[in-house]
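Structural characterization, general
Below are the chains, spelled out letter by letter.
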Amino acid sequence: MKIGLFIPCYVDAVYPEVGMATYKLLKHLGLDVTYPQRQTCCGQPMANAGFEQQAKPLAEKFETLFKGFDYVVAPSVSCTAFIRLNYPRLLGGKGGGHASQAHECETAKRCMDVVEFLHDVVKVDRPLGTFPHTVSLHNSCHGVRELGLSSPSEENVPKFNKIKDLLQLVDGIQVVEPERPDECCGFGGMFAVEETAVSAQMGREKVERHIQTGAEYITGPDCSCLMHMAGVARKQGAKIEFKHVVEILAAGL
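Within the protein chain one finds 13 helices and eight strands. The C-alpha radius of gyration of the protein chain comes to 18 Å, within 12% of the 18 Å expected for a compact globule of 253 residues. Projected onto the principal axes, the alpha-carbon positions of the protein chain cover approximately 55 × 45 × 40 Å. For the protein chain, with 253 residues in total, the buried portion stands at 50%. Roughly 11800 Å² of accessible area belongs to the protein chain as shown, and the carbon and sulfur atoms make up 52% of that amount. Side-chain charges of the protein chain comprise 26 positive and 30 negative groups, with the mean position of each set lying 3 Å from the other.

With respect to the secondary-structure elements, aspartate 222 resides in the loop between strand 7 (217–220) and helix 12 (223–236). Despite its burial, aspartate 222 pairs with no opposite charge, the nearest such side chain being arginine 145 at 12 Å. Of note is the side chain of aspartate 222, whose polar atom sits 2.9 Å from the backbone nitrogen of serine 78. Setting aside residues no more than four positions away along its own chain, aspartate 222 makes contact with Tyr10, Ser76, Val77, Ser78, Ser140 and His244.

Between its first and last C-alpha, helix 11 (residues 196–211) extends 22 Å over 16 residues, near the 22 Å set by a 1.5 Å rise per residue. Within the sequence span of helix 11, burial applies to Ser199, Gly203, Lys206, Val207, Arg209 and His210. The arc enclosing the buried residues of helix 11, seen along the axis, measures out at 155°, which places them on a common side.

To continue, consider the environment of phenylalanine 69. Mapped onto the elements of the fold, phenylalanine 69 is located in the loop between helix 4 (52–66) and strand 3 (71–74). Exposure remark for phenylalanine 69: the relative accessible area of 12% places this residue in the buried category. In the structure, phenylalanine 69 is positioned 41 residues away from arginine 110 in sequence and 8.6 Å away in space, judged by C-alpha atoms. Excluding residues that lie within four positions of it along the chain, phenylalanine 69 makes contacts with Lys2, Ile3, Gly4, Thr34, Pro36 and Arg110.

What follows concerns the nonpolar core. In this structure, Phe6, Tyr87, Leu118 and Leu249 are the most contacted members of the largest nonpolar core, which totals 61 residues. Take this core: its biggest share by element is seven residues, from helix 5 (residues 77–90). If we skip the residues at most four places from it in the chain, leucine 118 touches Leu25, Leu26, Leu29, Lys123, Val124, Leu166 and Leu249. Among the nonpolar cores identified, the runner-up in size contains 13 residues, and Met229, Ala233, Ile240 and Phe242 belong to it.

Calculation notes
- Residues numbered from 1 in each chain as written.
- Predicted model: local features only at pLDDT ≥ 70, side-chain atom pairs only at ≥ 80, totals over all residues.
- Heavy atoms only, no water.
- Helix = DSSP H or I, 4+ residues; strand = E, 2+ residues; numbered from the N terminus.
- Rg over C-alpha atoms; globule rule 2.2 N^0.38 Å.
- Buried < 20%, exposed > 50% of the residue type's maximum accessible area, 1.4 Å probe, protein only.
- Areas by Shrake-Rupley, 256 points an atom, 1.4 Å probe, with all protein chains shown as cover.
- Lys, Arg positive; Asp, Glu negative; His and termini not counted.
- Charge placed at Lys NZ, Arg CZ, Asp CG, Glu CD.
- Salt bridge = Lys/Arg side-chain N within 4 Å of Asp/Glu carboxyl O.
- Polar contact = N/O pair within 3.5 Å; in protein donor to acceptor, adjacent residues only side chain to side chain.
- Contact = heavy atoms within 4.5 Å.
- Expected span 1.5 Å × (residues − 1).
- Arc of directions from axis to C-beta.
- Core = buried A, V, L, I, M, F, W, Y, C linked by side-chain atoms within 4.5 Å.

Dropping the structure here:
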């Protein structure tokens, strides 16, 4: 199968090591991975701010750039969720859209976060990297409630966690979870800007719960959540580090 690697703009600009770790891990697993040039933002910031029409050209560009691939894989649950859930509507693939647009939206349906792709499609079950540390797992809201990476605590369903399943393939790691394991960290994109005080307090409480696990690192599937909590931790002088889950999965390969 042919995989198109989508690296969201904030990962490219702020956390390029996460993009490189994703490529490294997929290649290590023997997968056919291509990084299409000239890729851009998915349009989520514009749409979240109420400017959906400005996001539409970016959605069209994405569909054109990635339509030749069997899967589009990204190390970002929020961007993946935005693409998969909103592109069909933005591009008219539902209810009255042109046939060509409806066809293009098939590309968005094949967009997957790297965790769900490795867990559900590749079904990785062999040892991965080495990371001899205690790690507290952060379950990002988009991952839990839009992509189904783990079971939401508010629903009476059997517990599962695809992130934890993959991390347990890493040698030497100890995975722990904080109290209220899927409570929001307070980032929420535009929410962090518009409700700064509330966002900061949520971040402080979330970081404290992670610290109480005794972990050396906090990990998760979305750099935006990790960035928010890392900022909180620095301001508090907290001695805890942050790594995207794919960096841990690729460590030592």
